[in-house]
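Descriptive analysis of the structure
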Amino acid sequence: MSGRFVRSSKYRHVFGRPTKKEQCYDNLRVSANAFDTNLVKVNPRYLSVNWEAGGGGAFAVIPLHERGKLPERIPLFRGHTAVVLDTDWNPFNDELLASGSDDGKICLWRVPENFTIRPDIEPDQIQDVTPVGKLSGHPKKVGYTTFNPAAENILATASGDFTVKIWDIEAGAAKLTLKLGDMVQSQSWSANGSLLTTTSRDKKLRIWDTRQERPAYETQGHSGAKNSRVVWLGERDRIATTGFSKMSDRQLALWDIRAPREPITGFKTLDSISGVCMPFWDEGTQMLYLAGRGDGNIRYFELENDKFEFLSEYKSGDPQRGIAFMPKRGVNAHENEVARAYKTVNDNYIEPISFIVPRRSENFQDDIYPPTVGLTPAMGAADWLAGKEALPPKISMASLYEGEGLKEVTGVEDKPTTTVGSSDAKPEPEPEPQPKPTPPSPVKAPEPAPEPTPIVKPAPSMKEQGASMAAMVNKFADSEEDREPVNEDSSFDEVPKPVERPSRSATEVESPSVKSSPWHLKEEPKSRQSPVQTPTAASTPVSGESTLTATATVAADTVTREISEIKSLIAAQTKTIASQADQVQTLTAEIESLKAKLG
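Attention here is on the structure that accompanies the text. All values derive from a computational prediction rather than experimental measurement. (Residues numbered from 1 in each chain as written. Predicted model: local features only at pLDDT ≥ 70, side-chain atom pairs only at ≥ 80, totals over all residues. Heavy atoms only, no water.)

So, the sheet that holds strand 5 (residues 58-63)
Hydrogen bonds along the backbone pair up the strands of a sheet, which may run parallel or antiparallel. Put simply, the rule is: Pairs of strands are assigned from DSSP output, requiring at least two bridges between the strands. The numbering of helices and of strands both runs from the N terminus, where a helix is a DSSP run of H or I of at least 4 residues and a strand a run of E of at least 2.
Reading across the sheet, the four strands line up as 3-4-5-7 and stay open at both edges, with antiparallel pairing between neighbours. Sheet topology places strand 3 (40-42) and strand 7 (77-78) at the edges, where each strand pairs with a single neighbour. Here strand 3 pairs with strand 4 (residues 46-51) via three bridges, running antiparallel. The partner of V40 across the bridge, within strand 4, is V49.

Listed below in structure tokens is the structure:
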């Protein structure tokens with residue numbers, strides 16, 4: 001043995017697959033502004049890109065299916081008077097998004113119906129899209145816009161005035177204000193939308209109780225002077241940060257929000273590259289992706305036992321300034337794609353990168369596609385402002401795989417929100433076990449109970465049980481030598497017998513017994529065989545003696561049949577015990593050999 005242990009993981013061999021140039025989004029003019037944002041955002045239908053445009057700020061929205069080279073003139077989303085710094089898609093409506101700009105305004109947008117970047121009109125007649133609403137309240141630039149992942153119409157915006165405002169975009173007003181005292185560098189919501197974590201230029205990591213407008217926790221973050229990023233790890237009470245040390249080494253840290261004084265395993269050094277690491281969390285696979293700003297590499301880790309286990313790294317010679325990850329409901333499960341990133345290359349085209357689990361099976365892989373968040377919010381803006389906490393309902397990835405659309409999975413969201421509605425969730429499973437003890441027919445169920453137990457218990461004393469089983473076989477063989485060929489049939493050969501019974505079990509009384517264990521199915525044919533033969537005796541009632549003899553013959557046949565079944569079960573168990581004894585001998589020999597080698 002080599003002495004090297006390999007950690008078991010379903011995602012150990014995940015690899016990144018780039019897209020051919022003709023299938024990328026070419027001829028773009030990505031914004032050259034130096035503000036540290038991701039520049040692009042994506043949802044399953046559209047891609048938004050901060051655009052380099054004159055005459056005020058603008059950004060472009062590209063339908064994902066319109067790949068290839070873009071026209072020289074496309075319809076832009078214009079409404080800001082300065083450069084657009086950040087955009088974010090509404091998590092519950094793929095056609096709504098918000099944008100923040102250097103002019104201090106937040107604009108709300110709706111993608112027009114049947115929107116295309118290649119309209120069948122003259123370039124001079126192309127009309128730009130205007131916002132459907134504007135929010136004013138920040139006196140300085142708005143650098144980050146982030147929608148609440150659980151509550152509808154709740155938006156957080158971080159500004160150069162050293163505050164984060166929480167907006168009810170339906171009411172068009174700022175409801176809450178978080179005062180940081182320094183420039184915000186990144187922000188991220190918790191899965192239930194109750195907490196917000198931020199990093200700022202004062203090197204502080206804060207976890208905000210947003211509705212109380214105060215930080216619940218505040219601690220020292222990365223000590224480097226360059227920007228730090230933070231991401232909430234889905235439904236966990238963990239957050240991850242990327243930043244720099246005093247020696248300008250890139251670092252990764254994992255924090256427990258209940259005790260965030262220091263990282264769980266300290267600050268982990270990644271490398272000495274100067275670009276900011278942009279973190280992205282995938283809740284379905286429990287993986288963290290780190291994309292370097294200014295380099296072309298994307299490394300990914302798996303979170304296990306409060307430790308980031310390095311999996312692999314996607315390497316590319318094309319550096320990225322901006323990157324966005326697709327929500328899980330937008331990945332291609334037919335190709336075992338667990339994540340998809342859209343990275344900017346040379347500020348003129350965007351390249352999709354698929355992260356794939358290498359499997360050959362063409363069936364749905366339910367172990368790598370758990371239910372994910374859909375398009376239904378957990379609460380409205382008023383409920384959230386009133387203090388409600390809940391996770392949005394999840395949808396089945398299998399329904400998307402089968403082309404059945406978004407189907408919510410019941411019960412998945414009940415586990416994280418037991419404090420909200422635990423009393424409603426518990427009474428439902430209680431009435432289910434009630435109909436099971438009601439039918440009196442499966443009273444004979446305890447009889448097959450000893451059948452599985454000898455298979456579990458032979459380990460302590462297999463020799464004694466083997467001897468007793470052999471004695472029982474000999475005992476029955478002396479009384480019934482004519483039925484020895486029955487031993488060749490195992491106990492599994494009797495499974496087809498209940499298959500013949502459903503034609504007779506058309507009554508409603510028999511329906512609950514079908515849902516019981518297969519042991520009940522074995523006992524039912526025994527009890528049903530005697531009434532099958534009694535009508536033959538009752539059909540020709542000659543005298544009382546004839547009925548008695550018929551009953552005696554039926555009883556004898558029943559006893560004989562049960563004896564034959566017991567013999568077959570004993571033979572099968574004897575074989576099992578013998579095989580287990582052989583395995584024990586083999587293991588003993590291996591242990592002795594290992595001891596000899598070590599000695």
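Now that the structure has been shown, we can carry on.
Remarks on the environment of N50
Using the following cut-off: Relative accessibility thresholds used throughout: buried, under 20% of the residue-type maximum; exposed, over 50%; partly exposed, between the two (1.4 Å probe, protein chains only). Throughout this description, a polar contact denotes any pair of N or O atoms lying within 3.5 Å of each other; where both atoms belong to protein, one of them has to be capable of donating a hydrogen while the other can accept it, and for residues adjacent in sequence the pair is counted only when both atoms sit in side chains.
When you line up the elements, N50 lands in strand 4. With relative accessibility at 1%, the residue N50 sits in the buried group. Linking N50 and L85, residues 35 residues apart in sequence, is a C-alpha distance of 7.0 Å. Reaching out from N50, the side chain makes a polar contact with the backbone oxygen of L85 at a distance of 3.0 Å.

With respect to the packing of aromatic side chains
What counts here: Aromatic rings from Phe, Tyr and Trp, with only the six-membered ring used for Trp, were paired whenever their centres fell within 6.5 Å, and each pair was classed as stacked if the ring planes differed by under 30 degrees, edge-to-face if by over 60, and tilted otherwise.
Tallying each qualifying case throughout the model produces 20 aromatic pairs. Taking the centre distance of 5.8 Å and the plane angle of 75 degrees together, the rings of W255 and F267 count as edge-to-face. Here W255, found in strand 22 (residues 250-256), pairs with F267, found in the loop between strand 22 and strand 23 (268-271); they are 12 residues apart in sequence, far enough to count as distant. Taking relative accessible area as the criterion, W255 reaches 0% and is therefore assigned buried. Here the aromatic rings of F301 and F308 are separated by 6.4 Å at their centres, their planes lie at 65 degrees, and the arrangement is edge-to-face. For F301, a relative accessible area of 2% puts it in the buried group. For F308, a relative accessible area of 7% translates into the label buried. By way of ring pairs, the aromatic residues F280, Y289, Y300, Y314, F325 and F355 are connected into one cluster.

Take it as geometry only, folks, not as evidence of what the structure does.
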